[in-house]
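The primary structure of each chain is shown beneath.
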Amino acid sequence: MLLSEREARRITRKLLSCTTADDAVVHVNSESLSHLRFAANAFTTSGVRENVTAQITVWIDRKRGSASVNELDDASLRAAVGRAEDLARVSPIDVEYLPTLGPQKYRPVKGYAEATARIAPEDRGRTVNQAIEACEKAKVIGAGFYQVGAAASAMATKNGNFSYERSTIVSFAMTARTPDGGSSGYFLRNHFDVTKFDPKRVIEEAIRKALESREPRTLDAGVYPVILEPQAVADLTGGFLMSSFDARRADEGRSAFSAPGGKTRLGEKVFDGRLNIYSDPWHPLVPGSQEAQDGLPAEMLYLVRNGVVENLVYSRFWAQKTGKAPTPGPVNTLIESSGPTSSLAEMIRSMDRGLLVSRFWYIRMVDPRTVLLTGLTRDGVWLVENGRIACPVRNFRFNQSIIEMLADGNIDLIGASERAGGSESQGRAAGLFPPLKLRAFHFTSQSEAV
Amino acid sequence: MTYVREHDWLQEATQAGQEAVAKLKARPVEPGKYDLVLHPSHLWLTIHESVGHPTELDRALWWEANYAGTSFITPDKTGKLQFGSKIVNFFADRTQPSGLATVAYDDEGVPAQRWDIVKDGIFVDWQTTRDLAPLIGRKQSYGCLHADSWGSVPFPRMPNISLQPGKEPLTLDDLVRDVSKGILIYGNGSFSIDQQRYNFQFGGQTFWEIRDGKVTGMLRDVAYQSRTTDFWNACDGLGGPDTYRLGGAFNDGKGEPTQSNAVSHGCPVARFREINVLNTNARRA
């Protein structure tokens, strides 16, 4: 059962009333997570977890301590406050301490759907059953995960700020493999509103990709033109690129947006001129949060507009230190073309020779100064020749700078963006990502994994 | 607590500072084939990814196909697969002192135990639970069922899996002495491996060039790429028991919803011949 705003406010007030610290911020989160998992064409595990946590952070003489608790009776809340205060007293000075925010005005975000919160075990079972039946009909082996999350979160400060919001998400991911283990297909989609969610597409796409990946050819690693499906773009850019816009790292020479002489690349055209990378808390398809860092009211924020780096992200501390304004975001990730878009079919038709990539996996940062990532293709790579898909190919490892990948001259075509979530985050996050046709992508070795 | 009290934190902080400064003047690595001498502070993670995960039986049976992945090892390869060279022996051990996955009993009440995973280079056994053991004809579980909290579904998780030290009392210097062109690697950096645990790439914290049996200076921008069985079959030198160290992680992710497992991997310093090394600096590539 999610906390109502009234209940959440009562708990935050109680926590704040228990402390005599100089400053404090409290967070109260309630969550319901229900899930159903299947593998080898059979149900495996199912569960529902409901939890409420309260966390308090206090500062005493600029020294910080935190504690959390998931029992909300008065004695437990008081004990948590006591633990936080005890820790603060033995902690070093928090050199980045800034007073917590006073009252702020938030513009609510519509990221909660009652229909999603009410998804019943039978609904999850019905969808997974449809997936298993479809796998059996197609003679493939299915595995997947259907999850429903609902959350209500509140934050309050000793200086009088209060925020409360709710969110929901329904997510379905599925892998289909041919019985010989020779090919595999995957698809993942999520939505905050189940009435706009299409699990049938997940089932059909996963099975189609598995069937169309049979008997893959082995190609040498090397530099290839590629078409990346939205899932592949989400996997590469969702977390790693967005976190690289941090202003402190740029100022200190540790990021791709650092420039010689202690300067940054703010205002520089780093990316393809059609590319917009931004955050929109109120986007109807991928709503973010009303609350950005430290409780600042979230705002629409362009990090990149028409290829130019328009904003770096200043934390409250770094903004104060450098005389800048703290950045009210990002709270979601939207990557779109400011110009005309091309369909995936048009991208394939226009390709002489290259690779179509379905998704990436096990992506890790190798060098933050160029956002050089390594990882592998997974669950579907195809050779495109003379405007047509010629055959499936085996997987590759890549080592690729995302800055170079999105730079002027490397992007050929950009498609219409759609809602997708990074597959390593299991569909708990989402953004808007386009398919991309790129002139060069660096594959550094071949992988026989399926 | 022993580790927290006895570890020389100030020495480590001093060393980290000195190494950070040294990295500014380190020479970029030339890509190519190198012999690698890997310190336990680095090698434990390679063991975790390339030995720990592919020997989880649930992965081999496709139970984790939708997220963590499957395994290049299948049950029919038990007792047959030449996983590594003859000096390579891996054991699983939930009784190992100071191990992060050390318990008295697993979540099904199966007592903690020790067993071989790779014996004289041959893959010989799996990580099992009571559900899994009968599926490969075993009568008893090795006790690998674990949930990370009250709100999680118990499922197969990795025990401590470690590489046995060599029988000879060889030191790091002994292994370096027999290398004409190589790299000595300490610490963990970037790591990535495919969903069946064949193809991997690892970075590190510090990289030291080896020329004609001697460590000659610091290198930068190093990562090595290999294939699991090629890599472990290229192992031709193991340090003795005195070089054995435990490393580990608190946050090994697996499952849907993701659960976090703490696990340790012990190993001696080890040498691998002719491994492919990349230069990871895209600006120079």
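Conventions adopted
Residues numbered from 1 in each chain as written. Chains lettered and ligands numbered in written order. Predicted model: local features only at pLDDT ≥ 70, side-chain atom pairs only at ≥ 80, totals over all residues. Heavy atoms only, no water. Helix = DSSP H or I, 4+ residues; strand = E, 2+ residues; numbered from the N terminus. Rg over C-alpha atoms; globule rule 2.2 N^0.38 Å. Buried < 20%, exposed > 50% of the residue type's maximum accessible area, 1.4 Å probe, protein only. Contact = heavy atoms within 4.5 Å. Areas by Shrake-Rupley, 256 points an atom, 1.4 Å probe, with all protein chains shown as cover. Lys, Arg positive; Asp, Glu negative; His and termini not counted. Charge placed at Lys NZ, Arg CZ, Asp CG, Glu CD. Core = buried A, V, L, I, M, F, W, Y, C linked by side-chain atoms within 4.5 Å. Salt bridge = Lys/Arg side-chain N within 4 Å of Asp/Glu carboxyl O. Patch = residues over 30% accessible without salt bridge, like charges linked within 9 Å, V, L, I, M, F, W, Y side chains within 5 Å. Domains from an automatic or database assignment. Buried area = accessible area lost by both parts, 1.4 Å probe. Pairing = 2+ DSSP bridges. Axes fitted to C-alpha atoms, helices over the stretch in contact; angles between N-to-C directions.

Regarding the overall build of chain A
Moving on, step 1. Counting secondary structure elements, chain A contains eleven helices and 23 strands.
Moving on, step 2. Taken over the C-alpha trace, chain A has a radius of gyration of 24 Å; the compact-globule value for 450 residues is 22 Å, and the two agree within 12%.
Moving on, step 3. Principal-axis analysis of the C-alpha atoms places the extent of chain A at approximately 70 × 60 × 35 Å.
Moving on, step 4. A burial count over chain A gives 56% of its 450 residues as buried.
Moving on, step 5. In chain A, of all internal contacts separated by at least 6 residues, the share reaching a separation of at least 24 is 73%.
Moving on, step 6. Total accessible area computed for chain A in this model is approximately 18,000 Å², and 49% of it derives from carbon and sulfur atoms.
Moving on, step 7. Chain A carries 56 positive and 52 negative side-chain charges, and their two centres are separated by 1 Å.

Here's the deal with the nonpolar core
Moving on, step 1. Among the nonpolar cores identified, the biggest contains 57 residues, and Phe-83, Phe-90, Ile-183, Tyr-224 and Trp-232 of chain B are the most heavily contacted of them.
Moving on, step 2. Tallying contributions element by element places helix H3 (residues 40-52) of chain B first for this core, with five residues.
Moving on, step 3. In this structure, Trp-318, Ile-335, Phe-360 and Leu-406 of chain A belong to the second largest nonpolar core, which totals 55 residues.

Description of the environment of Glu-256 of chain B
Moving on, step 1. Considering the arrangement of structural elements, one finds Glu-256 of chain B in the loop between strand S16 (245-254) and strand S17 (259-267).
Moving on, step 2. By relative accessible area, which is 6% here, Glu-256 of chain B ends up buried.
Moving on, step 3. Expressed as a C-alpha distance, the spacing of Glu-256 of chain B and Tyr-3 of chain B, which sit 253 residues apart in the sequence, is 33 Å.
Moving on, step 4. In contact with Glu-256 of chain B, not counting residues within four places along its chain, are Arg-37, Gly-144, Phe-145 and Gln-426 of chain A together with Asn-66 and Tyr-67 of chain B.

So, the pattern of salt bridges
A side chain of one charge can pair with a side chain of the opposite charge when the charged atoms of the two come close.
Moving on, step 1. Summed over the entire model, instances satisfying the criterion amount to 49 salt bridges over all chains.
Moving on, step 2. Across the pair Glu-256 of chain B and Arg-37 of chain A runs a salt bridge whose closest N-O atoms are separated by 3.1 Å. Placement of Glu-256 of chain B in the loop between S16 and S17 and of Arg-37 of chain A in strand S1 (residues 23-39) is noted, with the two residues assigned to different chains.
Moving on, step 3. You can call Arg-37 of chain A buried: its relative accessible area is 7%.
Moving on, step 4. Across the pair Asp-379 of chain A and Arg-359 of chain A runs a salt bridge, and its minimum N-O distance is 2.4 Å. Taken as a pair, Asp-379 of chain A in the loop between strand S16 (372-377) and strand S17 (381-385) and Arg-359 of chain A in the loop between strand S14 (353-357) and strand S15 (360-367) lie far apart in primary sequence, 20 residues in all. Across the pair, exposure class does not vary: Asp-379 of chain A and Arg-359 of chain A are buried alike.
Moving on, step 5. What you see here is one network of salt bridges that share partners, running through Asp-35, Asp-178, Asp-236, Arg-271 and Arg-273 of chain B.

Structural notes on the side chain of Ser-244 of chain A
Moving on, step 1. Mapped onto the elements of the fold, Ser-244 of chain A is located in the loop between helix H7 (240-243) and helix H8 (247-251).
Moving on, step 2. Excluding its chain neighbours within four sequence positions, the residues that come into contact with Ser-244 of chain A are Ser-255, Phe-257 and Val-371 of chain A.

Observations regarding a nonpolar patch on the surface
All names here are of chain B.
Moving on, step 1. Together, Tyr-3, Val-4 and Trp-9 make up an exposed nonpolar region whose accessible area comes to about 340 Å².
Moving on, step 2. Summarising the element assignment, Tyr-3 is placed in helix H1 (residues 2-6).
Moving on, step 3. Residue class for Tyr-3 comes out exposed when judged on its relative accessible area of 53%.

Structural notes on the domain arrangement of chain A
Residues and elements named next belong to chain A.
Moving on, step 1. Examined at the domain level, chain A breaks down into domain 1 (5-212) and domain 2 (216-450).
Moving on, step 2. Between domain 1 and domain 2, the C-alpha centre-to-centre distance is 25 Å.
Moving on, step 3. Opposite the 41 residues of domain 1 that make contact, domain 2 presents 39 residues.
Moving on, step 4. Each partner contributes to the roughly 3,300 Å² buried at the junction of domain 1 and domain 2, and carbon and sulfur atoms together form 49% of this total.

Side note on the interface of chain A and chain B
Moving on, step 1. Every contact between the two is made by 50 residues of chain A and, on the other side, 40 residues of chain B.
Moving on, step 2. Summing the contributions of chain A and of chain B, the shared interface buries around 3,700 Å²; its carbon and sulfur component is 49%.
Moving on, step 3. When residues of chain A are sorted by the area they lose upon contact with chain B, Arg-37, Tyr-362 and Gln-426 of chain A head the list and together hold 17% of the total.
Moving on, step 4. Across the chain A-chain B interface, the total number found is four salt bridges.
Moving on, step 5. The partner of Arg-369 of chain A in a salt bridge is Asp-221 of chain B, and the shortest N-O contact between them spans 3.7 Å.

Details of the pairing of strand S13 (residues 214-220) of chain B
Residues and elements named next belong to chain B.
Moving on, step 1. Sheet topology note: the strand S1 (residues 27-28)/S13 ladder contains two bridges and is parallel. Each residue of the ladder has a partner; that of Arg-27, found in S13, is Leu-219.
Moving on, step 2. Examined bridge by bridge, strand S12 (residues 206-211) and S13 share five bridges and lie antiparallel to one another. Residue Phe-207 lies in a different strand from S13, and its bridge partner there is Leu-219.
Moving on, step 3. Here S12 hands over to S13 after two residues, with Asp-212 in that stretch at a positive phi of 50°.

Some remarks on the sheet that holds strand S8 (residues 161-163) of chain B
Residue and element names in this part refer to chain B.
Moving on, step 1. Judged by pairing direction, the sheet is antiparallel, and its four strands sit side by side in the order S5-S4-S3-S8 without closing on themselves. The outermost strands of the open sheet, each flanked by one partner alone, are strand S5 (122-123) and S8.
Moving on, step 2. Relative to S8, strand S3 (residues 90-93) runs antiparallel, the two being bridged by three bridges. Note on S8: the bridge partner recorded for Ala-92 is Ile-161.
Moving on, step 3. The strands that H3 touches are S3 and S8; relative to S8, the one it contacts most, it runs at about 120°.

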